[in-house]
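Summary of the model geometry
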Amino acid sequence: MTTRINVLFSFLFITIFLNIFSINQARQHKNPSSSSSSSSSLPSSSSSSPSSFLVLALTKSSVSLPTPNSQIQERIKKPLESSIGAVMEPLREVRDGYLITLNIGTPPQSVQVYMDTGSDLTWVPCGNLSFDCIDCYDFKNNNLKSSSTFSPLHSSSSFRASCASSYCVEIHSSDNAFDPCAIAGCSVGMLLKSTCLRPCPTFAYTYGEGGLVSGILTRDILKTQTREVPRFSFGCVASTYHEPIGIAGFGRGLLSLPSQLGFVQKGFSHCFLPFKFVNNPNISSPLILGDSLLSGNLTNSLQFTPMLNTPMYPNSYYLGLESITIGTNVTATQVPLTLKQFDSQGNGGMLIDSGTTYTHLPDPLYSQILTSLQSTITYPRATETESRTGFDLCYKVPCPNNNLTSLENDATMMFPSITFHFLNNAALILPQGNSFYAMSAPSDGSVVKCLLFRNMEDGDYGPAGVFGSFQQQNVKVVYDLEKERIGFQVMDCVTEAVSHGLSKVREQQQKSSIF
């Protein structure tokens, strides 16, 4: 309760502060014209023939692996209400996420933002002087901060969205009590009376347990090598609370990046490189949007599970988990019904989220998984590491010659496999590196590895569990939005990156070191 009260006061402070600041920020934008901002349809592409799909490059970069006991912890986001295309700048990892570079404005300004399948809004750090992240001292001390901002004054094509825009309706249509429209007692219906030429009110957008951004809905040109969105809608944010870097929303809503690029009825896929490629400028994870990823010869090798739909959170991606198998056990560990269905309020299901690092499972399932692993693994426990990091299961593993590469290739040193069984008989056996991970460089012929799963707290509200990005490494994940299903295929994402021209060095996998 104390945490929620503190967050409440923080939200109120920032909303009031940013409402005052937005008066000055609005002067940086040109006045919207009714002809350019009142359309409710998706933005059209440029006059050139659009590609049937896009290939985007994701790069992974992180200062350190976040641990439960560290001050920098992830927050699970709980939702509130033709030919190969462009290759965009790499995504890099901050707070263990994947970043993509957006080229916005005239002339284009490059801004790095998170790729986030758990939200819709795309927003960028915005301001002619600086971008301020309130209560982000821990992030700044660890170099987790935005490396670029967008300046509307330096773009001749930037203008503020009007309240007649369908995107303005979308950003103000949630039950967010901190939204300026709600604070002013102004409903969405009141905003949309005939031809409304007023600018879209300042918005407030919340993320999970404490993150908040407030800013101005802005329209400008988004450019890729093969596609152009002339009136791309995004949040121009000058200050945030606990959100140091912009976000590109990949949800199913109108505001999401796939939606505005014209791919919301098709789909996208990603193949996340392993964590050892952090900060590697020579290779990037492939992110593909459009038709090509859904061709029959490519989908035949995937195992698909249906997306679960809840009217409470219609723009998020949910899966149904039936059971989990540890090692060669014949009997799978059954999961609670809440992981494969929703209650009357829309809570439950398993959220698949690129913005949450580790997979979270509710008790008693989480405790059962720990017990099953402990009964199978014979390595000595590393209890000191468990106390220091907050991870619940760590082991001291022999590492001859302190060589982690040879350890990874030694079948006798493998941990028990972990298999997720989703609805429709879709089984995903996690790659070895997706369950236990080395906490530091080997020393004295051994290395400590910890299970990178977490207990799902407060599972009664929002998703009952989360399938995180760390468990999605070296897995091709396909979001088939037309058929409302998600497919999985374990693969070497280095090979996938090379096939799409996203590796500068073909032998990168052999040459990369883990530390």
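An account of the accompanying structure is given in this report. All values reported here derive from a predicted model rather than from experimental measurement.

Cut-offs applied
Residues numbered from 1 in each chain as written. Predicted model: local features only at pLDDT ≥ 70, side-chain atom pairs only at ≥ 80, totals over all residues. Heavy atoms only, no water. Helix = DSSP H or I, 4+ residues; strand = E, 2+ residues; numbered from the N terminus. Buried < 20%, exposed > 50% of the residue type's maximum accessible area, 1.4 Å probe, protein only. Areas by Shrake-Rupley, 256 points an atom, 1.4 Å probe, with all protein chains shown as cover. Expected span 1.5 Å × (residues − 1). Arc of directions from axis to C-beta. Pairing = 2+ DSSP bridges. Salt bridge = Lys/Arg side-chain N within 4 Å of Asp/Glu carboxyl O. Core = buried A, V, L, I, M, F, W, Y, C linked by side-chain atoms within 4.5 Å. Domains from an automatic or database assignment. Disulfide = S-S within 2.5 Å. Polar contact = N/O pair within 3.5 Å; in protein donor to acceptor, adjacent residues only side chain to side chain.

**As for the overall build of the protein**
When its secondary structure is counted, the protein shows 13 helices and 27 strands. Taking all 515 residues of the protein together, the buried fraction comes to 58%. Surface summary for the protein: the accessible area is close to 20600 Å², and the carbon and sulfur share equals 52%.

**Some details on helix 9 (residues 365-376)**
The end-to-end C-alpha distance of helix 9, which contains 12 residues, comes to 17 Å, matching closely the 16 Å that a straight helix rising 1.5 Å per residue would cover. Taken together, the buried positions of helix 9 are occupied by L365, Y366, I369, L370, S372 and L373. What you see down the axis of helix 9 is that its buried residues fit within an arc of 165°, all on one side. Seen from the open side of helix 9, the exposed residues pointing more than 90 degrees away from its buried face are T371 and S375.

**Comments concerning the sheet that holds strand 20 (residues 418-422)**
Read from one edge to the other, the open sheet built from four strands follows the order 16-15-20-21, with strand pairing classed as antiparallel. On the outer flanks of this sheet lie strand 16 (333-334) and strand 21 (426-429), each paired with one strand and no other. Bridge analysis of strand 15 (residues 321-326) against strand 16 gives two bridges, and the strand direction is antiparallel. Within the sheet, the bridge partner assigned to S323 lies in strand 16 and is Q334.

**Re the pattern of salt bridges**
Applying the stated criterion across every chain yields a total of six salt bridges. In this structure, R454 and D392 form a salt bridge, with 3.5 Å as the shortest nitrogen-oxygen distance. On the criterion of sequence distance, the pair formed by R454 in strand 24 (residues 453-455) and D392 in the loop between helix 10 (383-389) and strand 19 (394-398) is long-range, its members being 62 residues apart. Looking at R454, the relative accessible area reads 16%, which means it is buried. Given the relative accessible area of 32%, D392 is considered partly exposed.

**Overview of the nonpolar core**
Residues L361, F420 and F488 are the most contacted members of the largest nonpolar core, which totals 71 residues. Counting only domains with at least three residues in this core, you end up with domain 1 (87-161 + 200-264) and domain 2 (292-500). In this structure, F131, C136, Y167 and Y205 belong to the second largest nonpolar core, which totals 22 residues.

**Looking at the state of the cysteines**
If you walk through the whole model with that rule in mind, you get four disulfides. A sulfur-sulfur distance of 1.7 Å marks the disulfide that ties C126 to C236. Of this pair, C126 sits in the loop between strand 4 (123-125) and strand 5 (132-134) while C236 sits in strand 9 (residues 228-241), and the two are 110 residues apart along the sequence. Comparing C126 with C236 shows no difference in burial state: the two are buried. The residue that forms a disulfide with C271 is C493, at a sulfur-sulfur distance of 1.9 Å. Of note, the bridge from C271 to C493 carries an S-S torsion of about -85° and is left-handed in sense. One end of the pair, C271, is in strand 11 (residues 267-271); the other, C493, is in helix 12 (residues 493-499), with 222 residues separating them in the sequence. As far as burial versus exposure is concerned, C271 and C493 are alike and both buried.

**A few points about the environment of D480**
Relative to the elements of secondary structure, D480 occurs in strand 26 (residues 475-480). Judged by relative accessible area, which is 2%, D480 ranks as buried. Along the backbone, D480 and F304 are 176 residues apart, and their C-alpha atoms lie at a distance of 9.1 Å. Engagement of the side chain of D480 in a polar contact is seen with the backbone nitrogen of K483, the distance being 3.2 Å.

**Some details on unusual backbone geometry**
The step from T106 to P107 runs through a cis peptide bond, and the omega angle for that step is -5°. In this structure, P107 sits in the loop between strand 2 (99-104) and strand 3 (109-116). Despite not being glycine, N424 has its phi angle at roughly 70°, a positive value. Summarising the element assignment, N424 is placed in the loop between strand 20 and strand 21. Here N424 falls in the exposed class, since its relative accessible area comes to 57%.

Keep in mind these values describe shape, not function.
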